[in-house]
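Below, each chain spelled out in residue letters.
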Amino acid sequence: GEYDRGMKALETATDIDPTLADAYLKRGVFHLAKGEKNLGEVDLLKAIEAAPEVMSSRLMLVTYYLRQKNYSSAIKLLKDGMVGGPADALLNNYLAAAYFSQKNPDAAVLALNQSKQLKPDYLTPYFNLASYYVSQSDYIKALAEYQQILVVDPNNIKALLGVAALNSMQGEEDKLAATMQKIEATETELSLIHI
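Reading the values: the criteria
- Residues numbered from 1 in each chain as written.
- Predicted model: local features only at pLDDT ≥ 70, side-chain atom pairs only at ≥ 80, totals over all residues.
- Heavy atoms only, no water.
- Helix = DSSP H or I, 4+ residues; strand = E, 2+ residues; numbered from the N terminus.
- Rg over C-alpha atoms; globule rule 2.2 N^0.38 Å.
- Contact = heavy atoms within 4.5 Å.
- Areas by Shrake-Rupley, 256 points an atom, 1.4 Å probe, with all protein chains shown as cover.
- Lys, Arg positive; Asp, Glu negative; His and termini not counted.
- Charge placed at Lys NZ, Arg CZ, Asp CG, Glu CD.
- Salt bridge = Lys/Arg side-chain N within 4 Å of Asp/Glu carboxyl O.
- Buried < 20%, exposed > 50% of the residue type's maximum accessible area, 1.4 Å probe, protein only.
- Axes fitted to C-alpha atoms, helices over the stretch in contact; angles between N-to-C directions.
- Parallel < 35°, antiparallel > 145°, perpendicular 65-115°, else oblique.
- Left-handed = near helix turned anticlockwise from the far one by under 90°.
- Nonpolar A, V, L, I, M, F, W, Y, C, P; charged D, E, K, R; others polar.

**Details of the overall build of the protein**
Phase 1 of the analysis: When its secondary structure is counted, the protein shows 11 helices and 0 strands.
Phase 2 of the analysis: Starting at the N terminus and ending at the C terminus, the protein contains elements arranged as α-α-α-α-α-α-α-α-α-α-α.
Phase 3 of the analysis: Its C-alpha radius of gyration of 21 Å places the protein more than 25% over the 16 Å reference for a compact globule of 195 residues.
Phase 4 of the analysis: In terms of overall dimensions, the protein has C-alpha extents of about 65 × 45 × 30 Å along its principal axes.
Phase 5 of the analysis: A sequence separation of at least 24 residues applies to 38% of the contacts in the protein between residues at least 6 apart.
Phase 6 of the analysis: Of the roughly 11,100 Å² of accessible surface on the protein, 56% is carried by carbon and sulfur atoms.
Phase 7 of the analysis: Averaged over its 19 positive side-chain charges, the protein has a centre that lies 6 Å from the centre of its 24 negative ones.

**Quick word on the pattern of salt bridges**
Phase 1 of the analysis: Tallied over the full model, the rule gives 7 salt bridges.
Phase 2 of the analysis: Across the pair Arg27 and Asp43 runs a salt bridge whose closest N-O atoms are separated by 2.9 Å. Of this pair, Arg27 sits in helix H2 (residues 21-33) while Asp43 sits in helix H3 (residues 37-50), and the two are 16 residues apart along the sequence. In this pair, the class of Arg27 matches that of Asp43, namely buried.
Phase 3 of the analysis: Put simply, Lys141 and Asp138 hold a salt bridge, and the shortest N to O gap is 4.0 Å.
Phase 4 of the analysis: A relative accessible area of 27% means that Asp138 is categorised as partly exposed.

**Some details on the packing of helix H5 (residues 71-80) against helix H6 (residues 88-101)**
Phase 1 of the analysis: Here H5 crosses H6 at 160°, and the two axes come no closer than 9 Å. Relative to H6, H5 is oriented roughly antiparallel. H5 and H6 meet at a crossing whose hand is left-handed. Only Leu91, Tyr94, Leu95, Ala98, Tyr99 and Ser101 of H6 make contact with H5, whose side of the interface consists of Tyr71, Ile75, Leu78 and Lys79.
Phase 2 of the analysis: By residue class, the composition of the contact of H5 with H6 is 8 nonpolar, 1 polar and 1 charged.

Scope: geometric values only; no functional claims are made or implied.
Quick look at the structure:
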């Protein structure tokens, strides 16, 4: 509850050691929470500059940019953070959100597919693609995304429910019944594991 003292301590810390990315991150978050947007943005940029490999500062600023509808800055910041490894999967997922917000679904789908390639066991891009395909009434592609999730995580209830919803929407009663049985068996199995 002592905001001013806390900020003063963080300011002293960054004066002593300008490479303290965590201190800049905390200052940025405090400034944003107080509605001091410009100061918050500056501190988050300093945090990224001090430690570009630390994902939390970059994602905090990207989230801020997305809320401000500053999609071009979010996209640039995300692309600047990419290093060509599995960690880029998360950045590509955020990149897709920015592209969807810009009404650029082709680029968003490309980013989500890139995310899947970089880290096949990161399930969020599969779900995002499935949701997008459902919104476009492309149930075959949506089903393919859910099935890819189930290859990685056969007991994923959310993916199974997605398959069931698509079965129902397409009037495939036999497939719906089989999927519901799988859901019940999975829930039973999971509940036994947690006992």
